[in-house]
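Structure assessment
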Amino acid sequence: MSTQSQFWDEIDFSYSTIAWIGLANGLGIILGYLAAGLLADRRSKRILTCWCALGLTAMSAVVALLAFGDLLRGDWFYFVAALFGMIHGVATAVVLGWIGELLPRKLIAKGVVVLSFSSIAHGILLSFPAVLLMDQQHATLALFTIASLLYLSAALSTRRVPTASVPSLQIDSALEGLKSAAAYMWRDTRIQTLWIYFLFAGILSIILHFALTDLLLTESDTGQLTFSLGLIARGLAAVVATICLVYAISGRNRWRVYLAASAIAGVTVVITSFVSSYLLLILLFIPQSAAMSAAVLASEALAMSATRREYFGRVAALLLFAGNILFFASGFIGGFLRDWFDGRWLALAIGVILSLAAVWLYRRWRGFRHLPDDPDEPQVKYGNLSPIAAHLTGHLAPQKLGTPDTSSFPTSGNRDGQLSGSSPE
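Residues numbered from 1 in each chain as written. Predicted model: local features only at pLDDT ≥ 70, side-chain atom pairs only at ≥ 80, totals over all residues. Heavy atoms only, no water.

**Re the pattern of salt bridges**
Rule in force here: Salt bridges are defined as contacts in which a side-chain nitrogen from Lys or Arg sits within 4 Å of a carboxyl oxygen from Asp or Glu. Helix and strand definitions here come from DSSP, where helices need a minimum of 4 consecutive H or I residues and strands a minimum of 2 consecutive E residues; each element is numbered from the N-terminal end. The buried label applies to any residue whose accessible area, calculated with a 1.4 Å probe on protein chains only, is under 20% of its type's maximum; exposed applies above 50%, and partly exposed to all values in between.
This structure, assessed with the given rule, holds five salt bridges. Note that D41 and R314 form a salt bridge whose closest N and O atoms lie 2.8 Å from each other. With D41 in the loop between α2 (15–39) and α3 (45–68) and R314 in helix α13 (residues 312–323), this pair connects stretches of sequence that are 273 residues apart. R314 shares its class with D41; the two are buried. Between K45 and E101 there is a salt bridge, with its nearest N and O atoms 2.5 Å apart. On the criterion of sequence distance, the pair formed by K45 in helix α3 and E101 in helix α4 (residues 76–102) is long-range, its members being 56 residues apart. The class of K45 is buried, set by a relative accessible area of 4%. Owing to a relative accessible area of 10%, E101 belongs among the buried residues under this scheme.

Structure below.
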């Protein structure tokens, strides 16, 4: 925000240049997620977070010095955007995995939702100074100085966080660890389901934003103020939904809440595509934005709560990578979508896909709803027994089925005490 005030004259308000800067920043974030996947479970998350904060502190100080010397121009913007994005991506994924390590299993999902409120604090800390200083001559210098101090305080605060004990990772290389995490996510039915929905919901939410923008600006012919009110309604609905999700995501019916949110998101988007009245559009934006935000955030929270402890960092990185895979190119995507597709038909297609995804989620959930909440608990497999019968059997029988205790078995016709028909092996 601060650099753009110094950059407007140089780019002459070129939309494509802003899109290229966004692309550099987004690619950096995506690469940061992958780097976190390679490092997060092999190194202390506290140390990684501290180093990321110190790196951003140094970056902010360097940019402030460049701005002070009037050297921040031209290609510097692409480099700065990419490097900031990469370090930010590493830190975001590591902190998300760290939440899983620090909290009890029953609170992980709630912790992930609470962590999402950091974006609100982000806006408060930076928006007001940016508005106050935007027209000042040394706005970039002042704001990056503030950012450097904030990052430094973050680095110092990591020293107050306790170190969580997690199983040691026995792998040959960081790349092998990332591959094993991807294989683990694909084998686990719950995480696979949530990862797939998170991937498609993240892509569709970006495309949906441009479809709804087209509905507001083109078909409804609204003014700038009225258009802003529509976006504000969506944002407030998302915040309220997140607050409600804090309480709903850790309850007994958390999966049903998730399924309901995904269904409401699809149905409301379908209805939106048939509405022409601006007032009705605004009214529909409220449940649609609330449900979509709840479904996407719940996917991330439930996936982390179902992850084994030794995989927290890598699963967090791969989840964020999937959910933001098209974010880095959103500026270019928006330009093409406005030229190629009508907003109403695009919203209808997205609504139908989301509705079908909700049905698919429900069918998948019925298949794994009896799985234990804690994936780290040792489980004994008892064939097709019901959960209650398996629980009782596990307490009454000292040995696991399938590995019988042969010490009390009769030894018919065998001098060495072996079972008839068996070999020493």
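**Side note on α3**
Defined as follows: In this analysis, the expected span of each helix is defined as 1.5 Å times one less than the number of residues it contains.
The end-to-end C-alpha distance of α3 is 34 Å, a good match for the 34 Å that 24 residues give at a rise of 1.5 Å each. Where α3 terminates, the next one or two residues include D70, which has phi positive at roughly 55°.

**Concerning the side chain of S299**
So the rule is basically this: Nitrogen and oxygen atoms within 3.5 Å of one another constitute a polar contact, given that in protein one can donate a hydrogen and the other can accept it, and given that sequence-neighbouring residues count only through two side-chain atoms. When checking whether two residues touch, look at their non-hydrogen atoms; a contact exists if any pair is within 4.5 Å.
Summarising the element assignment, S299 is placed in helix α12 (residues 278–305). Here S299 falls in the buried class, since its relative accessible area comes to 0%. A polar contact of 2.9 Å, which involves the side chain of S299, links it to the side chain of Y258. Beyond its immediate sequence surroundings of up to four residues, S299 is in contact with L194, Y197, F198 and Y258.

**Overview of the state of the cysteines**
The following threshold applies: In this description, a disulfide is simply a cysteine sulfur pair whose atoms lie within 2.5 Å.
Scanning all chains against the criterion turns up zero disulfides. You can see C52 has no disulfide; the closest cysteine sulfur is in C50, sitting 9.4 Å from it. A relative accessible area of 11% means that C52 is categorised as buried.

**Focus: the packing of α12 against α13**
Quick note on the threshold: Axis angles are defined between N-to-C directions and span 0 to 180 degrees, where every axis is a line fitted to C-alpha atoms and, for a helix, only to the segment in contact. Geometric relationships in this document are graded by angle, where less than 35 degrees denotes roughly parallel, more than 145 denotes roughly antiparallel, 65 to 115 denotes roughly perpendicular, and other angles denote oblique. Each crossing gets its handedness from the near helix: less than a right angle anticlockwise from the far helix is left-handed, clockwise is right-handed. Residue polarity follows a fixed list, in which Ala, Val, Leu, Ile, Met, Phe, Trp, Tyr, Cys and Pro are nonpolar, Asp, Glu, Lys and Arg are charged, and the others, Gly among them, are polar.
Two elements in contact, α12 and α13, have axes separated by 10 Å at closest approach and are oriented at 160°. Taken as axis vectors, α12 and α13 run roughly antiparallel relative to one another. The two elements α12 and α13 meet at a crossing, and its hand is right-handed. Of α13, the residues touching α12 (which contributes E300, A303 and M304) are F312, V315, A316, L319 and L320. Class assignment of the residues belonging to the contact of α12 with α13 gives a composition of seven nonpolar, no polar and one charged.

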